[in-house]
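# Residue-level structure breakdown
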Amino acid sequence: MQEKEAGMLGRVNHIAIAVPNLAAATASYRDVLGARVSPPQALPEHGVTVVFVELPNTKVELLEPLGEGSPIAAFLEKSPSGGMHHICYEVDDILSARDRLVAGGARVLGDGTPKTGAHGKPVLFLHPKDFFGTLIELEEV
Ligand SMILES: CC[C@@H](C(=O)O)C(=O)SCCNC(=O)CCNC(=O)[C@H](O)C(C)(C)COP(=O)(O)OP(=O)(O)OC[C@H]1O[C@@H](n2cnc3c(N)ncnc32)[C@H](O)[C@@H]1OP(=O)(O)O
Ligand SMILES: [Co+2]
């Protein structure tokens, strides 16, 4: 895979954890870990409902499946108690990042057209098999 141009990735926007029960996970982060947690956002176009745990230097996204055909259903079948699901890096220009990654041999999931993510920004996903078993999300900020 071609070396990515230096400086393509910005901050870690969030680390995502898939959970079987979002209300229980929210209560645990709020009441046991003492964290500030946003209200749930249902995102049917992504097949998930999410909350964000607000941290000083980044966020944790807790997500549970929403509706039929959720992209995280199979993940939770394999890991019924939940698990680390993806890491989201910020990029300045998601289309140029996509084109550079595809030119370098990486697989962009879906048809390569960015979707609007939980923060109302364009997002794309890169196949976990291309990045050491880690699902990568890119969010344009
Ligand atoms: C809230 C909106 C947005 C935001 O703004 O933050 C989001 O975060 S939405 C989050 C949910 N949406 C997505 O995850 C979209 C991208 N994901 C997908 O398209 C799929 O999950 C997938 C990556 C294609 C996997 O789909 P799955 O049905 O599990 O396919 P397979 O069972 O064939 O898996 C293939 C292979 O990949 C391994 N895998 C699956 N998920 C992950 C993961 N999260 N991390 C690492 N590896 C993963 C899976 O185990 C298979 O491996 P093998 O069994 O070794 O082949
Ligand atoms: Co995400």
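Calculation notes
- Residues numbered from 1 in each chain as written.
- Chains lettered and ligands numbered in written order.
- Predicted model: local features only at pLDDT ≥ 70, side-chain atom pairs only at ≥ 80, totals over all residues.
- Heavy atoms only, no water.
- UniProt positions renumbered as here; feature names shortened; annotations may be inferred.
- Helix = DSSP H or I, 4+ residues; strand = E, 2+ residues; numbered from the N terminus.
- Rg over C-alpha atoms; globule rule 2.2 N^0.38 Å.
- Buried < 20%, exposed > 50% of the residue type's maximum accessible area, 1.4 Å probe, protein only.
- Contact = heavy atoms within 4.5 Å.
- Areas by Shrake-Rupley, 256 points an atom, 1.4 Å probe, with all protein chains shown as cover.
- Lys, Arg positive; Asp, Glu negative; His and termini not counted.
- Charge placed at Lys NZ, Arg CZ, Asp CG, Glu CD.
- Donors = N, O, S within 2.8 Å, 3.2 Å for Na, K, Ca; no water.
- Tetrahedral: all angles 85-135°; square planar, octahedral: opposite > 155°, others 65-115°.

Per an unreviewed UniProt entry, the protein is named methylmalonyl-CoA epimerase, and its organism is Mycoplana azooxidifex. In the Catalytic activity (unreviewed entry) part of its UniProt record, the protein is described as follows: "(R)-methylmalonyl-CoA = (S)-methylmalonyl-CoA". Of the comments in the UniProt record for the protein, the one headed Sequence similarities (unreviewed entry) reads "Belongs to the methylmalonyl-CoA epimerase family."

### Some points on the overall build of the protein
Looking only at helices and strands, the protein has three helices and nine strands in total. Overall, the protein shows an N-to-C arrangement of helices and strands of β-α-β-β-β-β-α-β-α-β-β-β. The C-alpha radius of gyration of the protein comes to 15 Å, within 12% of the 14 Å expected for a compact globule of 141 residues. When the backbone C-alpha atoms are referred to their principal axes, the protein occupies close to 45 × 35 × 25 Å. A burial count over the protein gives 40% of its 141 residues as buried. Restricting to contacts in the protein with at least 6 residues of sequence separation, those with at least 24 account for 57%. When the accessible area of the protein is evaluated, it comes to approximately 7900 Å², of which 56% is carbon and sulfur surface. Here the protein contributes 12 positive and 18 negative side-chain charges, whose respective centroids are spaced 3 Å apart.

### Description of the coordination of the cobalt ion (ligand 2)
In this structure, His14 (NE2), Glu61 (OE), His86 (NE2) and Glu137 (OE) serve as the protein donors to the cobalt ion (ligand 2), at separations of 2.1 to 2.5 Å. What the six donor atoms of the cobalt ion (ligand 2) show is an angle range of 76 to 168° at the metal, which sorts the shape as octahedral. Spacing between the donor residues of the cobalt ion (ligand 2) along the chain follows H-x46-E-x24-H-x50-E. Highlighted residues: His86 in strand β6 (residues 83-91) and Glu137 in strand β9 (residues 135-140), separated in sequence by 51 residues.

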